[in-house]
Amino acid sequence: MDFIGAFLYPWLKHEIFIKSPDQYKGIGSILKLLKTLYGLKQAGHEWYELLKKVLKEVGFVQADEDIDSCLFKHEKWDIVTCIHVDDCLVSYTDTTKYKKFLKVIKEKGFDFTESEKVLRALGLKIVETENTITIVQPAYVAHVLKELDLEEIVEKEAPPNWWCEATKEEDIKFDEGTYRTGIGCLAYLARMTRPDIEQYVFHLATFVSNPSIKHWDAFVHLMGYLKKYHNLGITFDLLKKLWAFYVDADWAGDSQTRKSTTGFIIQFMGGPLITKSVRQRIVTTSSTSAEYCAFTDILKEIKNSKYKYEDIAIIGPVKKCKENRGIYTNIGLSLITNLLSKHNINF
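**Points about the packing of helix α3 (residues 138–147) against helix α6 (residues 213–228)**
Line of reasoning, step 1. Running from N to C, α3 and α6 cross one another at 140°; their axes reach a closest spacing of 10 Å. Put simply, α3 runs oblique to α6. Between α3 and α6 lies a crossing whose hand is left-handed. Residues Val-141, Val-144 and Leu-145 of α3 touch α6, and the partners they reach there are Met-223, Leu-226 and Lys-227.
Line of reasoning, step 2. The residue makeup of the contact of α3 with α6, split by class, is five nonpolar, no polar and one charged.

This is how it looks when you write it as structure tokens:
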């Protein structure tokens, strides 16, 4: 759904006066605004408050703030809607109830257009088949290439296979603003539809305060990979398992701090719903300890995810996928046994 002239519906709660246009032939040169206009700072907020009020009046329940305050669900109609400014993504199971929902919104005085199938939303390209939904962002990749003047770079088959070191005194410095802009763009892309680049983007982001040419070269290599495979994205498949997760950790991988890195992925219907690659907060003295930390992190994320999505998705059993045997063989044993079960380091 796309509301037409959304910001023109709300009544203003504050007194705002404007100078009348030159073409205005009425009495007085100062006019008091009764409703919001496009360009007013209050317009977006007032529109959101009005639409929220209307949805609640017809029986929708707003999700908690820690989930998403723009998400609403109607239990009786089994309809979920997500609001983004003047656009609404609507999910439903019964066409009759959906038509009733549209009729009620129309009766509330709103004018809107609707599309039966969503092809694009919030910069995402959505490709739907009988059993799958795939979201990709090829247009955003092209936009980043153009903005950073990298349209002519050589395409690459894979992301960089090396890790960069911190900038040294003899290294040639690179412009910090340009580097930060590029990393910010890729961080957004990685979090939305490209988890395959998330780990390396996280690695390059550690050098934003003092980048050098070698870091920019690695960034350009990564952009070359995205240029070649710009149509890769995330696919959700009805035939795949409902929930599954994969987790692992390296050990003392950071040569500067000797901290380990946690990496995990939570899948929903075969598609990565939540991905993370983050340095652990503590220094662990064995590889098994590092993996315990990683396992703890993902268990907390799973519990939080189930709480978030239980109102909008089917919640079923979680399949665990873990490589390290030390985690399973040592559960329930003492901390000392865990530390000595595999590689060990002492400072």
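**What about the layout of surface pockets?**
Line of reasoning, step 1. The volume enclosed by the second largest pocket comes to roughly 480 Å³.
Line of reasoning, step 2. Lining of the second largest pocket is provided by 20 residues; of these, Cys-164, His-203, Phe-207, Asp-254 and Arg-279 occupy positions nearest its centre.
Line of reasoning, step 3. By residue number, the principal contributor to the lining of the second largest pocket is helix α5 (residues 198–205), which donates three residues.
Line of reasoning, step 4. Among the residues making up the lining of the second largest pocket, the classes are represented as five nonpolar, eleven polar and four charged.

**Here's the deal with helix α2 (residues 95–107)**
Because the α-helix completes a turn every 3.6 residues, residues three or four places apart line up on one side.
Line of reasoning, step 1. An ideal rise of 1.5 Å per residue puts 18 Å on 13 residues; α2 measures up with 18 Å between its terminal C-alpha atoms.
Line of reasoning, step 2. Those residues of α2 lying buried are Tyr-98, Phe-101, Leu-102, Val-104 and Ile-105. Down the axis of α2, the buried side of the element spans an arc of 160°, and every buried residue falls inside it. When the buried face of α2 is taken as reference, the exposed residues oriented beyond 90 degrees from it are Thr-96, Lys-103 and Glu-107.
Line of reasoning, step 3. Of the surrounding elements, those touching the buried residues of α2 are β1 (2–3), α1 (43–57), β6 (79–84), β7 (87–92) and β8 (112–113).
Line of reasoning, step 4. Capping of α2 at its N-terminal end is provided by Asp-94; its side-chain oxygen lies 2.8 Å from the backbone amide nitrogen of Thr-96.
Line of reasoning, step 5. Of the residues one or two after α2, Gly-109 is the one with positive phi, at around 100°.

**Observations concerning the sheet that holds strand β11 (residues 132–136)**
Line of reasoning, step 1. Here four strands make up an open sheet; going across it, the order is β9-β10-β11-β12 and the pairing antiparallel. Edge positions in the sheet fall to β9 (120–121) and β12 (233–237), since each of these pairs with one other strand and no more.
Line of reasoning, step 2. Across two bridges, the pairing between β9 and strand β10 (residues 124–128) is antiparallel. From the neighbouring strand, Arg-120 faces β10, where its bridge partner is Lys-125.

**Structural notes on the pattern of salt bridges**
Line of reasoning, step 1. Scanning the entire structure with this criterion turns up twelve salt bridges.
Line of reasoning, step 2. Between Glu-157 and Lys-228 there is a salt bridge, with the nearest N and O atoms lying 3.5 Å from each other. Taken together, the residues span a long stretch of sequence, with Glu-157 in the loop between α3 and α4 (176–192) and Lys-228 in helix α6 at a distance of 71 residues.
Line of reasoning, step 3. The class for Lys-228 is partly exposed, based on a relative accessible area of 30%.
Line of reasoning, step 4. Residues Glu-198 and Arg-191 are paired through a salt bridge, measuring 3.1 Å at the closest nitrogen-oxygen approach.
Line of reasoning, step 5. Classification of Glu-198 as buried rests on a relative accessible area of 10%.
Line of reasoning, step 6. What makes Arg-191 exposed here is its relative accessible area of 52%.

The rules behind these values
- Residues numbered from 1 in each chain as written.
- Predicted model: local features only at pLDDT ≥ 70, side-chain atom pairs only at ≥ 80, totals over all residues.
- Heavy atoms only, no water.
- Axes fitted to C-alpha atoms, helices over the stretch in contact; angles between N-to-C directions.
- Helix = DSSP H or I, 4+ residues; strand = E, 2+ residues; numbered from the N terminus.
- Parallel < 35°, antiparallel > 145°, perpendicular 65-115°, else oblique.
- Left-handed = near helix turned anticlockwise from the far one by under 90°.
- Contact = heavy atoms within 4.5 Å.
- Nonpolar A, V, L, I, M, F, W, Y, C, P; charged D, E, K, R; others polar.
- 1 Å grid on protein atoms, 1.4 Å probe; cavity = no way out; pocket = protein on both sides within 12 Å on 5 of 7 lines; lining within 4 Å.
- Points joined across faces, edges and corners; volume = space filled by probe spheres on them.
- Expected span 1.5 Å × (residues − 1).
- Buried < 20%, exposed > 50% of the residue type's maximum accessible area, 1.4 Å probe, protein only.
- Arc of directions from axis to C-beta.
- Polar contact = N/O pair within 3.5 Å; in protein donor to acceptor, adjacent residues only side chain to side chain.
- Pairing = 2+ DSSP bridges.
- Salt bridge = Lys/Arg side-chain N within 4 Å of Asp/Glu carboxyl O.

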